[in-house]
There are 2 protein chains.
Amino acid sequence: MIGGDAAGMSAASRARRLKGPEELEIVAFERGHFTSYSACGIPYWVGGDVDDRDALIARTPEEHRARGIDLRLRTEVTEIDVAGRRVRARGLDSGAGSSYWTSYDSLVVATGARPVRPRMPGADAEGVHGVQTLDDGQELLDTLTRARGRRAVVVGAGYIGVEMAEALINRGFEVTVVNRGSEPMSTLDADMGRLVHRAMEGLGITMVNDAEVTGLLAGGDGRVRAVVTEDAEYPADVVVLGIGVRPETALAEAAGLPLGPHGGLLTDLGMRVRGRTDIWAGGDCVEVLDLVSGQERHVPLGTHANKHGQVIGTNIGGGYATFPGVVGTAVSKVCDLEIARTGLREKDARRAGLQYETVIVESTSRAGYYPGASPMTVKMIAERRTGRLLGVQIVGREGAGKRVDIAAVALTAGMTVEGMTALDLGYAPPFSPVWDPVLVAARKAAAKVQNS
Amino acid sequence: MIGGDAAGMSAASRARRLKGPEELEIVAFERGHFTSYSACGIPYWVGGDVDDRDALIARTPEEHRARGIDLRLRTEVTEIDVAGRRVRARGLDSGAGSSYWTSYDSLVVATGARPVRPRMPGADAEGVHGVQTLDDGQELLDTLTRARGRRAVVVGAGYIGVEMAEALINRGFEVTVVNRGSEPMSTLDADMGRLVHRAMEGLGITMVNDAEVTGLLAGGDGRVRAVVTEDAEYPADVVVLGIGVRPETALAEAAGLPLGPHGGLLTDLGMRVRGRTDIWAGGDCVEVLDLVSGQERHVPLGTHANKHGQVIGTNIGGGYATFPGVVGTAVSKVCDLEIARTGLREKDARRAGLQYETVIVESTSRAGYYPGASPMTVKMIAERRTGRLLGVQIVGREGAGKRVDIAAVALTAGMTVEGMTALDLGYAPPFSPVWDPVLVAARKAAAKVQNS
């Protein structure tokens, strides 16, 4: 295993469960200090919802070792010798001359992703943080404690940016989010992103859209002082970079392994690297098949990484398993606003050459008369003529986010919006109006497809 | 239309939307005082969660009339003359001689269901209530206000019984639930019903299982005094009957329309009564196809009644729509305990001649480290050999109930539990563990099918 987080260690654990130490020797290299942690939980730890860093660690190095996995922390793999079936590694805490080769029968590449760090003046100033690893999270928390002022700027308004804005608000900072796109959450269409925009403003977050960051200003002490865009300067005592990640595949690329259009490793459905029978890859460093568009995508998400690991471990352990692909489901929240999407946005559909109809409906999370019923906006996209569901986006309060699962399953099953109108979804006044918001959207979408 | 609640008035509204008054004359007969109300909301009104009876009324008689529907309240249809295409009706508030015939081109039978009233001594004592109609709810509320003591007995522990137990607790009564089955919620398997049992006891509800009510005792003043079973007597100042409903089809049966094994009208997928092109039926008076077992079922639920009405109204209005059937989804709650099911229970599977594997898993509603993560129990039933999903039952706290929709869609799509393990469900720490509880169950079920 190269990489000791979700994909790598899930694969290791699963393979170990199927084959004991006498049958299968497992060596895992991890560059950092931790294994099997929830990077997705970092914003909640930084924001104070989760007290303890260790709560984010699903399985410690000691637990892995106790199960007969030879885990080498703070050890970086620097080269894959595909022909010789071996990797070269070196201990990061030992001297420069300490590199060594280790042979393999099966190799798992689970090198994850790296944050997109803008190449701009000042990006390495003190007080500028990514939030990719537990180490990053700890450094950011230290900065927050030491910060002289209470002004925070978040660069980027995707999931991480939005979650970090909430975290910083919770820590008592004045938060400005500087966003390149026309609305926050570019994983949604702009008409739905606008709802997130309004909600963020309602929380006291200053949202700056259509703004490209050109640099960061540091003071004489090396600490960050402001974020600079073409039009303005935003004073900052701390800056969080939440501008997305790219597959970490330099090592794989150097070894000649095949990369896709998004820079991620390409695999078959069993998570074998394409063209190889002895190398596997999973997690944030691979591209996956989008089952709706039929195209490759890069979707760095812990839930997929865990599934990949499960599939890889099963196959290495002598079983059989596949990962068929994704439909692009994601949920998030800003305080009590829940944000969810699955399938294609309008621009994804256009890019895939699809013609479509869209509807947006307003409904409520519960029967309108039931206490706590709150508004929910559902956007649904369906293919013209066939009526096939292409995507759903939901923004609302409690109960909005996980409703997207209805659409995620329907997408996986290739349902039409007409077929969805008859879905037998759970109904009782505390849980849903008599027509679930997703059904209302499906009805309207079906009518629109029919009349198009 | 015979019947002015969900199915009948949805059909009327939909047909009116498609055809104006010059094209289509619509007459609707309703025996009671109200139209288009949420019977499912009655427990929450009785319990005080919903203040106002009128909040349960989706559309008033005046609103229907304003849309050109000739609505005749307090008017009972006493006969259907199928050959003559006419119905005989009489006003309940006018004299006995006031009956009259009305002709039709299309007839919609939406007569609903009637509560199972036990034939036992004392069942008509004062203070004994069903909760089927708004009138029932009002009478029960009046009794609660006047009750001399605070002892309430609920007969039956299905959805209505359990919801009414909660309502009465909220009104400050001491509540005993007398249940014929071995555990409450016989719509679940007993192993899951036991979790509901424990939760109800935790709320201070006295749960008496395996107890057949043999009679009710009334005092000299005609008021109910106790509920009697074979083994014991339970003192009661008020009694709520929640022992289920049967299709109200006496009228249809007298007219020679076809009834199924559960006493409900049989229809085709367009909701036409079988063998008839001019009579339609929907809502609680019909049987529907269970898509999992392939057998007919009676599922009295407002969400189906609304769908039936929509389909009937579309077809009468000159469009085309079908209701393909149900998978048997239902959600409910007792205080903060959420209870959900879809598909087949073990006994349904046996009755349908299916062999199956079951798993029960314990998981949490959110990432374990995230505040508010609460335990959730998921039972999954899968067919042997094929691995086809047959049913899911979920008991837990917030976020448990509507998770059943994942399984409802998967059942509709005929998915296998192996296929479900790869579902791309929404994941973020505030919404789900990295493996959603439904995925955990699917993985275990798939392994069990594989090893069987």
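Residues numbered from 1 in each chain as written. Chains lettered and ligands numbered in written order. Predicted model: local features only at pLDDT ≥ 70, side-chain atom pairs only at ≥ 80, totals over all residues. Heavy atoms only, no water.

A. The arrangement of the overall build of chain A in detail. When helices and strands are counted, chain A shows 12 helices and 24 strands. A globule of 452 residues ought to have a C-alpha radius of gyration of about 22 Å, and chain A, at 23 Å, matches this closely. On the principal axes, the C-alpha backbone points of chain A span a range of 65 × 60 × 40 Å. In chain A, which comprises 452 residues, the proportion classed as buried is 60%. Long-range contacts, defined as pairs at least 24 residues apart, comprise 61% of the intrachain contacts of chain A with a sequence gap of at least 6. For chain A, the exposed area adds up to about 17,300 Å²; of that, 46% sits on carbon and sulfur atoms. (Helix = DSSP H or I, 4+ residues; strand = E, 2+ residues; numbered from the N terminus. Rg over C-alpha atoms; globule rule 2.2 N^0.38 Å. Buried < 20%, exposed > 50% of the residue type's maximum accessible area, 1.4 Å probe, protein only. Contact = heavy atoms within 4.5 Å. Areas by Shrake-Rupley, 256 points an atom, 1.4 Å probe, with all protein chains shown as cover.)

B. Structural detail: the UniProt feature "domain: Pyridine nucleotide-disulphide oxidoreductase dimerisation" (unreviewed entry) in chain A. UniProt's feature table lists "domain: Pyridine nucleotide-disulphide oxidoreductase dimerisation" (unreviewed entry) at residues 332-434 of chain A, given in the numbering used throughout. The span residues 332-434 of chain A shows a helical share of 18% and a strand share of 35%, and its end C-alpha atoms are spaced 26 Å apart. (UniProt positions renumbered as here; feature names shortened; annotations may be inferred.)

C. Representation of the nonpolar core within the structure. Core analysis: the biggest nonpolar cluster contains 84 residues, and Met380 of chain A together with Met380 of chain B have the highest contact counts within it. Filtering out sequence-adjacent residues up to four positions away, methionine 380 of chain B remains in contact with Glu357, Thr358, Val359, Leu389, Gly391, Val392, Val417, Met420, Val438, Ala441, Ala442 and Ala445 of chain B. (Core = buried A, V, L, I, M, F, W, Y, C linked by side-chain atoms within 4.5 Å.)

D. Summary view of the domain arrangement of chain A. Residue and element names in this part refer to chain A. If you check the domain split of chain A, you get domain 1 (6-114 + 245-316), domain 2 (117-241) and domain 3 (337-450). One C-alpha centre belongs to domain 2, the other to domain 3; they are set 32 Å apart. Listed by partner, the interface residues are 11 residues for domain 2 and 15 residues for domain 3. Contact with domain 3 buries surface across domain 2, with Leu188, Asp189 and Met192 losing the most and accounting together for 47% of the total. Across the domain 2-domain 3 interface, the total number found is two salt bridges. Counting every contact that joins domain 2 to domain 3 gives six residue pairs in polar contact (both at pLDDT 80 or more). In terms of residue count, helix α6 (residues 190-202) provides more of the side of domain 2 that touches domain 3 than any other element does, five residues in total. (Domains from an automatic or database assignment. Buried area = accessible area lost by both parts, 1.4 Å probe. Salt bridge = Lys/Arg side-chain N within 4 Å of Asp/Glu carboxyl O. Polar contact = N/O pair within 3.5 Å; in protein donor to acceptor, adjacent residues only side chain to side chain.)

E. Just the relation of the copies chain A and chain B, in detail. For the pair chain A and chain B, the superposition axis carries a translation of 0.0 Å, the fit reaches an RMSD of 0.0 Å, and the rotation angle comes to 180 degrees. This pairing of chains is accounted for by a two-fold axis. Of the interface residues in chain A, 100% have counterparts in chain B that sit at the interface too, so the contact is made through matching surfaces. (Least-squares fit on C-alpha atoms with pLDDT ≥ 70 in both.)

F. Broad picture of the packing of helix α1 (residues 6-18) of chain A against helix α8 (residues 302-316) of chain A. Residues and elements named next belong to chain A. Orientation of α1 relative to α8, taken along the N-to-C sense of each, is 35 degrees, at an axis distance of 7 Å. Judged by the twist between their axes, the crossing of α1 over α8 is right-handed. The segment α1 lies against α8, with Ala6, Ala7, Ser10, Ala11, Arg14, Ala15 and Leu18 engaging Ala305, Asn306, Gly309, Gln310, Ile312, Gly313, Thr314 and Ile316. Of the residues assigned to the contact of α1 with α8, the class counts are eight nonpolar, six polar and one charged. (Axes fitted to C-alpha atoms, helices over the stretch in contact; angles between N-to-C directions. Left-handed = near helix turned anticlockwise from the far one by under 90°. Nonpolar A, V, L, I, M, F, W, Y, C, P; charged D, E, K, R; others polar.)

G. Focus on the pairing of strand β4 (residues 86-91) of chain B. Residues and elements named next belong to chain B. Only one face of β4 is covered, namely the face carrying Val87, Ala89 and Gly91; the face carrying Arg86, Arg88 and Arg90 is uncovered. Direction of pairing for strand β3 (residues 75-81) relative to β4: antiparallel, over a ladder of six bridges. Bridge assignment links valine 77 to a residue of β4, and that residue is alanine 89. Between β3 and the antiparallel strand that follows it, β4, lie four residues; arginine 85 among them carries a positive phi value of about 50 degrees. (Pairing = 2+ DSSP bridges.)

H. Focus on the interface of chain A and chain B. The interface of chain A with chain B comprises 56 residues on the first partner and 56 residues on the second. A combined buried area of about 4,800 Å² lies between chain A and chain B, and 67% of that area is made up of carbon and sulfur atoms. The largest contributions to the chain A side of the interface with chain B come from Tyr369, Asp424 and Phe431 of chain A, which together make up 17% of the buried area. Here chain A and chain B share two salt bridges between them.

I. Fine view of the sheet that holds strand β14 (residues 233-235) of chain B. All names here are of chain B. Across the sheet, three strands lie side by side as β12-β13-β14; this open sheet has antiparallel pairing. In the strand order of this sheet, the two ends are held by β12 (213-218) and β14, each with one partner. The sheet shows a mean angle of 25 degrees between the axes of neighbouring strands, taken without regard to direction. Here three bridges tie strand β13 (residues 224-229) to β14, and the two strands are oriented antiparallel to one another. For valine 228, the partnering residue across the bridge sits in β14 and is glutamate 233.

J. Molecular detail of the pattern of salt bridges. Enumeration over the complete set of coordinates arrives at 64 salt bridges over all chains. Note that arginine 86 of chain A and aspartate 81 of chain A form a salt bridge whose closest N and O atoms lie 2.8 Å from each other. Between aspartate 237 of chain B and arginine 151 of chain B there is a salt bridge; the shortest N-O distance is 3.3 Å. Of the two residues, aspartate 237 of chain B sits in the loop between β14 and β15 (238-241) while arginine 151 of chain B sits in strand β9 (residues 151-155), which places them 86 residues apart along the sequence. A relative accessible area of 36% places arginine 151 of chain B in the partly exposed class. Because the salt bridges share partners, they merge into one network encompassing Arg31, Glu76, Arg90, Arg114 and Glu248 of chain A.

K. Local environment of the sheet that holds strand β8 (residues 128-129) of chain A. All names here are of chain A. The strand order β8-β15-β9-β10-β11 describes an open sheet built from five strands, whose pairing is parallel. One side of each edge strand has no neighbouring strand; the edge strands of this open sheet are β8 and β11 (206-208). Note that strand β9 (residues 151-155) and strand β15 (residues 238-241) share four bridges and pair parallel. What sits directly across from alanine 152, in β15, is valine 238.

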